[in-house]
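So you can see what is in the structure, the chains are spelled out below.
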Amino acid sequence: MVIYTVKTYTGNWAFAGTMSYISIQLQGLKDESNEICVDRSLFSAPCYQGSEQTFEVQCKEALGELILVKLHSKPFLGLNNQWFCDKIVITTPEGDEILFPCYRWLACNESLDLRPAKALLVFQDTNKVAQEQRRKQLENRQDTYRWHVYDEDMPRITNFDSPFALPAELQFSFTKEIEIFYTGGKQLALLQLNGLARCRDSWKSIKELDALICGITNETLDYVRKNWDKDEFFGYQFLNGLNPMMIQRCSKLPKNFPVTEEVVKGLLGKSTLEAEIKKGNIFLCDYKMLDGVIGNVVNGEQQFLTAPLVLLHLDHHGLMLPIAIQLGQTPGPENPIFLPTDSKHDWLLAKICVRAAEYCVQEVDFHLLRTHVLAEVFTLATLRCLPSIHPLYKLLIPHTRYTLHINIMARNLLITEEGVFVRLLRRGTSSLTYSSLCLPENISERGLEDVPNYYYRDDGIQLWNIIYRYVTGVLQHYYTSDEHVQKDTELQSWIREIFTNGFLGRSNTGIPESFQRMEDLLKFVTMVIFTVSAQHAALNNGQFDFGGWMPNYPTALRKPPPKEKGQTTMDTILETLPNVSTTVNSMAILKVLSINSTDHYPLGCFPEELFDEEVPCRCIKDFQEWLKLLSGRIEDRNKTLKHPYTYLNPKNVDNSVTL
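This write-up is about the structure you can find in this document. (Residues numbered from 1 in each chain as written. Predicted model: local features only at pLDDT ≥ 70, side-chain atom pairs only at ≥ 80, totals over all residues. Heavy atoms only, no water.)

Let's shift gears to the state of the cysteines. Chemically, a disulfide is nothing more than a covalent bond linking the sulfur atoms of two cysteines. Going through the model one piece at a time under the given rule, you end up with 0 disulfides. In this structure Cys-85 is not part of a disulfide, and its nearest cysteine sulfur, from Cys-102, lies 4.1 Å away. (Disulfide = S-S within 2.5 Å.)

Here it is as C-alpha cells:
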C-alpha cells in the first residue's frame, strides 16, 4: 500500500468556496487511483474561500509518473454553486511534490482534468492518455471560443455577445465589477444631480468648466487646465501625451501642405524652413485617415471632423512647437494654413480642431484597434490553439486577464454600427503593419531616435528590451533549436490563426504566417506582451488626466472648421466645442476608463503558479527585478521634470488590457 498526500487550495476570491461534493482521482503512467471524495460534514464545507485542505489517497502500488488529476463536482442538497480551485499539490510516496495548476471555476456536475506544471511541447508529450487530454482540451476550447465576423474589414472577435456569458474565470472579479459600476454610477449620479447630464446648452465660458473638475482633479489634470491653450504644451502632447504615435520627422513637405518660406517667416528665428528640415528639426502630424469621414449625429445635432496636417519645429531649447496647421487635406482658398501669428482666436480654434481629430484617431486607431482589438485576437488564438501545459500558454495567459470581458462591454456600450468608430476601424485595419507594432522599428520608421524629451520612447524602449529578455529566457528553455519551433504544430496553428483572423490574411502587413526561426518567435511574443501591457498603459491610463479638461480633448466639433481667417471669436469657439451634456458624459466615461481596480496586477505580478521548473521561475524573478530597477530610474528622472511622465512606470502598467 502506498500513500499520495493531496493538498487542495481554494481561491481567495469572493464566493470561491463551495458546498458541493468534490472528488479527485489520480492518473499515472502505470495506473490510476480510485475516485476519492474530499471529506465534508453536513454543516461545513472543506473547500471554503482561501482554504487549504489536505487528505490522503491510498493505492495498492505506485501509479508511476503522474500525468493527470481528475476533478469532479456534484451538488450538495441540490445547491448548485461553483468552486474556484487555485491549484492542487500532490506529494508522492517517494516524497516528490508535484504542482497541478488550475485557477478556474469548477461548476456542479462538471469534470476537469489538470496537468502538472511542468510545461511540454506537443512533440514532447508522448503518453497516449496525455495526448488525448491535450487534444480534447483544445477541441473543447475551440468549440467554446469561436471567431466571429463583426465586420468583414476588421479583425475577428469572440462569439460571445455578453460578458456574463463568458466562462466564469474570464469574467471580471466581483470586486472589479462592483468598483467599475460604483465609479461610473457615482460620476453619472453627480452629473444628474447637478442637472448637467441632459443640458444641451453651450458653455458660457471656458472658466465655467473649472467647477466641473472641482474635487476630482489631480496634478496632471490641473497642469492641463492651466496650459492647454499654450503652444509649448500643445507640442509636448505629441511626444508624451495620450497619443505619442502620430508625430514623425519631416524630410519633405507633403504636396498637399503648401507651407512656404514666406508663410513661416519669423517663426524659425533666423533660420529657414529648408535649413531646419535638413537639420531634422521639422516634424509632421498627418490625420489623413479622417479625410472624408462624416461625424455622428448626437442628440439630433450633426458633429464635424477635420483631417488636419500639423507642422512642428524643434527649437534650440528642445521645445516642440507648432508653426502651421491646415485643417483639411485639400489645400485651397477655403482651407487656409493657420499660424501662431494669426489672431489669438483663429490660432486657438485651429489647435482645438487638431485636438478633436486627435481624440478620434487616438481612441479608435491607436487605443481601440491596436491594443484592445489585437489583445482580443491574441487572447482567442491562445485559448484556441495552446493547451494549458504548453509553455507559451503559461507565458501568455496572465496577459489575457479580463480582456474579453472589457472588449465585449466596450462593443455593447460605446460602439454603434456604421458610426464613426466602425468606419475608422476599417481604415485603421487596412493600415496595420507588423513594424508599427514593434516599438524599436516604429520609432526608427518615424525618425524619432534622437528627439529630446521623448519620455514615451525612452521608457517604452527599456520596457520592450526587458520584456524581450524575459521572453527569451523562458522560451529558449523549451525551444532549443529552430527545428523545435518549426515542428510545434500547436505554435504554428497559433500564429496562423492570428495572421488569418487578426490581420485578415494580408501578407503586406508583415505579420508572419508561420514561425521558422527562434528569433522570429521571440520578437513576436515580445510584441504581444508589450502591446497588451505597456502600449495599452501609455494610450489608456492618461485619458482622464488629459481629457478631463474638455477643451484639450474635445470628442467632436459642433461647427465645421473655419474656412477663412479673422472671423473666429470666443463665442465661435464655445459654439464649436462639445455642449454641456456631451462634455460631462464623456468625462464620466474617461474617469471610469482611467481607474485601477483593487485587484489589478501590475506588469510582472503573477500570483498564479503556472510554472514550477527552475529556469522559468528564475526568469520571472529576474523580470520582476528588472522592472523594479526601471521603476526606480523613471521615478528619479521624474523628480527633475516640470511635468513627470508616469504612464510607463512598471508600477502603473497592467499585465493585460483590463480597461
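So, next bit.
Let's shift gears to the pattern of salt bridges. In total, this model carries 35 salt bridges according to the counting rule given. As a salt-bridge pair, Glu-490 and Arg-134 come within 2.8 Å of each other at their nearest N and O atoms. Pair noted here: Glu-490 is in helix α15 (residues 489–502) and Arg-134 is in helix α1 (residues 128–144), with a separation of 356 residues, a long-range link. As far as burial versus exposure is concerned, Glu-490 and Arg-134 are alike and both buried. (Salt bridge = Lys/Arg side-chain N within 4 Å of Asp/Glu carboxyl O. Helix = DSSP H or I, 4+ residues; strand = E, 2+ residues; numbered from the N terminus. Buried < 20%, exposed > 50% of the residue type's maximum accessible area, 1.4 Å probe, protein only.)

In this structure the tally under the stated criterion is 22 aromatic pairs. Residues Phe-84 and Trp-105 carry aromatic rings whose centres are separated by 5.1 Å and whose planes lie at 70° to one another, so their mutual orientation is edge-to-face. Residue Phe-84 is found in strand β6 (residues 83–91), and its partner Trp-105 is found in strand β7 (residues 97–106); the two are separated by 21 residues along the sequence. For the pair Phe-84 and Trp-105, one class covers both residues: buried. Relative to Phe-238, the ring of Phe-234 lies with its centre 5.3 Å away and its plane at 85°, an arrangement referred to as edge-to-face. Taken together, the residues Phe-234 and Phe-238, both in helix α5 (residues 231–240) and 4 residues apart, mark about one turn of the helix. (Phe/Tyr/Trp six-rings, centres within 6.5 Å; stacked < 30°, edge-to-face > 60°.)

Here we take up a nonpolar patch on the surface. Nonpolar side chains collect at one region of the surface, where Leu-413, Leu-414 and Ile-589 lie side by side and expose about 290 Å² of accessible area between them. Of the residues examined, Ile-589 reaches a relative accessible area of 38% and is grouped as partly exposed. (Patch = residues over 30% accessible without salt bridge, like charges linked within 9 Å, V, L, I, M, F, W, Y side chains within 5 Å. Areas by Shrake-Rupley, 256 points an atom, 1.4 Å probe, with all protein chains shown as cover.)

Time to look at the pairing of strand β16 (residues 320–326). By the criterion of burial, β16 is predominantly enclosed, with 6 of the 7 residues buried. Here strand β15 (residues 309–314) runs beside β16; their pairing, made up of 6 bridges, is antiparallel. Across the sheet, the residue bridging to Leu-314 is Met-320, located in β16. The antiparallel hairpin formed by β15 and β16 contains 5 residues in its connecting segment, where Gly-318 sits at a positive phi of about 80°. Here 2 bridges tie β16 to strand β17 (residues 337–338), and the two strands are oriented antiparallel to one another. Residue Gln-326 lies in a different strand from β17, and its bridge partner there is Ile-337. (Pairing = 2+ DSSP bridges.)

What follows is about helix α10 (residues 420–430). The set of residues buried in α10 consists of Val-420, Val-422, Leu-424, Leu-425, Gly-428 and Thr-429. Those residues of α10 hidden inside the fold are in contact with α7 (344–385). (Contact = heavy atoms within 4.5 Å.)

Residue position: Thr-400 is located in the loop between α8 (391–396) and α9 (403–414). Judged by relative accessible area, which is 10%, Thr-400 ranks as buried. Among the polar contacts listed, one links the side chain of Thr-400 to the backbone oxygen of Ile-397, at a separation of 2.8 Å. Discounting residues that sit within four places of it in the chain, Thr-400 has contacts with Thr-379 and Ser-656. (Polar contact = N/O pair within 3.5 Å; in protein donor to acceptor, adjacent residues only side chain to side chain.)

Another point: the nonpolar core. Counting 164 residues, the largest nonpolar core has Tyr-287, Tyr-470, Trp-494, Phe-524 and Val-525 as its most contacted members. Among the elements that take part in this core, α7 stands out by supplying 25 residues, more than any other. Once residues lying within four places of it in the same chain are set aside, the contact partners of Val-525 are Leu-392, Leu-395, Leu-396, Val-471, Leu-475 and Trp-494. (Core = buried A, V, L, I, M, F, W, Y, C linked by side-chain atoms within 4.5 Å.)

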